[in-house]
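# Descriptive analysis of the structure
Below are the chains, spelled out letter by letter.
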Amino acid sequence: MRSHFRVPIIAALSVVAFGCAQLQTLAGRQGTAAVVLVANDGSARGGGNVWQDNNGLVHVDLQLIGLPAGTHAIHFHSVGSCDPGGFGSAGAHYNPGNKAHGLSNPSGPHAGDAPNFTVNATGAAHVQFTTDRVTITAGSATLMDSDGSALVVHGGPDDQVSQPSGNSGDRIACGVVR
């Protein structure tokens, strides 16, 4: 009779342990936002989460689809708007510190600068990076200011030095950070 109870008890303990681990992970977050990215025609390009840990580091974790294969730039932009027609409504790169553009620029980088990422042959990418140049919580570099912010994917890679946007090409996907 005991062996019949062993599997359900082990399964229940596993669920409880997973739940505790999830609560512990959520407890380590000061702020969380969601992002849903779309193309200029309104079609889905994926999405994910942006969160700030207890040390002030902001984490970005996105699953993207339907993008051209190759290397692409991604940046935080200064306005939380993704109107079709090139996503110009998202404004310039987020730059509350008035720095020069580019992760490799000695006079930079903008708060919104981020590393390039690669889209595979099927058009999919898992984008993960961290930054200490922005916050989700209140402060001078918050992404959640009065006009919000957006994450924008560009058609090409960022050269990490050219002004004002690293020669990264057209804006091909956009998502408001909410």
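Residues numbered from 1 in each chain as written. Predicted model: local features only at pLDDT ≥ 70, side-chain atom pairs only at ≥ 80, totals over all residues. Heavy atoms only, no water.

For the rest of this paragraph, the subject is the nonpolar core. Core analysis: the largest hydrophobic core is formed by 26 residues, its most contacted members being V50, L62, F76, F117 and L151. Elements supplying a minimum of two residues to this core: β1 (29-38), β3 (58-64), β5 (74-77), β6 (117-119), β7 (125-131) and β8 (150-154). Per-element tally for this core: the top contributor is β3, with four residues. When residues no more than four places from it in sequence are discounted, the contact partners of F76 are V60, H93, Y94, G112, F129, T131, V134, L143, A150, L151 and V177. (Core = buried A, V, L, I, M, F, W, Y, C linked by side-chain atoms within 4.5 Å. Buried < 20%, exposed > 50% of the residue type's maximum accessible area, 1.4 Å probe, protein only. Helix = DSSP H or I, 4+ residues; strand = E, 2+ residues; numbered from the N terminus. Contact = heavy atoms within 4.5 Å.)

Moving on: unusual backbone geometry. Trans peptide bonds make up the majority, and among non-glycine residues the majority have a negative phi. For the bond from G108 to P109, the omega torsion is 0°, close enough to zero to count as cis. Examined against the element boundaries, P109 turns out to sit in the loop between β5 and β6. Of note, the phi angle at F87 is positive, near 60°, even though the residue is not glycine. If you trace the backbone, F87 turns up in the loop between β5 and β6.

With that settled, the discussion passes to the confidence of the model for the protein. On average, the protein scores 88 in pLDDT, and the residues at 70 or more come to 85%. Note that residues 1-24 has pLDDT below 50 and, in this model, zero contacts with residues that lie over four places away or in other chains. (pLDDT = per-residue confidence, 0-100.)

According to the stated counting rule, one finds one disulfide in the structure shown. One disulfide in the model links C82 with C174; its S-S distance is 2.0 Å. Since a negative S-S torsion denotes a left-handed disulfide, the C82-C174 link at about -65° is left-handed. Remark: C174 occurs in strand β9 (residues 171-176) and C82 occurs in the loop between β5 and β6; sequence separation between them is 92 residues. (Disulfide = S-S within 2.5 Å.)

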